[in-house]
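# Inside the fold
Residue-level listing of the chains:
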Amino acid sequence: MSLLLLTQRKEAKTTGRLETGTFIVVKRGPKDLTKKTLPQLQHTLWPIFAEYIKRNYAIDGWCECFTCQKKLQLGNQNLNAGHFLSRSYSPTKYDTRNVRPQCGSPCNKYGGKPVEFERNLRLEIGDDQVEELKTLSTTPWKWNHADLIEQILYYRAELKEMR
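Residues numbered from 1 in each chain as written. Predicted model: local features only at pLDDT ≥ 70, side-chain atom pairs only at ≥ 80, totals over all residues. Heavy atoms only, no water.

For the rest of this paragraph, the subject is the side chain of Gln42. Tracing the backbone shows Gln42 in helix H2 (residues 38-57). At 3.1 Å, the side chain of Gln42 and the side chain of Lys93 are in polar contact. Those residues in contact with Gln42, other than ones at most four positions away along the chain, are Lys93, Tyr94, Trp143 and Leu148. (Helix = DSSP H or I, 4+ residues; strand = E, 2+ residues; numbered from the N terminus. Polar contact = N/O pair within 3.5 Å; in protein donor to acceptor, adjacent residues only side chain to side chain. Contact = heavy atoms within 4.5 Å.)

Tracing the backbone through its elements, the reader meets Ile53 in helix H2. Filtering out sequence-adjacent residues up to four positions away, Ile53 remains in contact with Ala81, Thr96, Val99, Arg100 and Pro101.

Here the focus is the environment of Leu33. The topology assignment puts Leu33 in the loop between strand E2 (24-27) and H2. For the pair formed by Leu33 and Ile149, sequence separation is 116 residues and the distance between their alpha carbons is 6.6 Å. With residues up to four places along the chain from it excluded, the contact list for Leu33 reads Leu41, Thr44, Ile149, Ile152, Leu153 and Arg156.

Moving on, we come to the packing of helix H5 (residues 114-125) against helix H6 (residues 127-137). Here H5 crosses H6 at 120°, and the two axes come no closer than 7 Å. By the angle between their axes, H5 is oblique relative to H6. Along the contact surface, H5 presents Glu118, Leu121, Arg122 and Ile125, while H6 presents Asp127, Gln129, Val130, Glu131, Leu133 and Lys134. Classifying every residue of the contact of H5 with H6 by side-chain character gives four nonpolar, one polar and five charged. (Axes fitted to C-alpha atoms, helices over the stretch in contact; angles between N-to-C directions. Parallel < 35°, antiparallel > 145°, perpendicular 65-115°, else oblique. Nonpolar A, V, L, I, M, F, W, Y, C, P; charged D, E, K, R; others polar.)

So far we have only geometry, and geometry alone does not tell us how the molecule works.
Quick look at the structure:
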């Protein structure tokens, strides 16, 4: 198992573990997807999925924050992939209907501005889809290796086509 020591805030931000002034040890696991544990697969999938969301909604390299409409360029550290329903609800964590580009600073200070997010989501995908997401989020769920590997491979291929 390989270890990556991170010392800079910028590098730490890409791992999803943000601490400044300290060393952070991130267990990346084996390169072979079939040998990774479920947490390692999720750790591999999230940055790929987040990048897919940002690029999918980008126009000429710029994204608009879904909640406040602030324009951010792809690659900007303040550009995040924000969730309507929390990432802790596993069934909707990687559901493209649940995730949109969001600015990091203002929107995250207010918990992702859930009221604005829901209002905009209802306008975009409709009330039925939003209610379906809410129902799906409370469904008992267990990740399995095959599903996560399939999603990693799918979103990698989609990103390759987008670039």
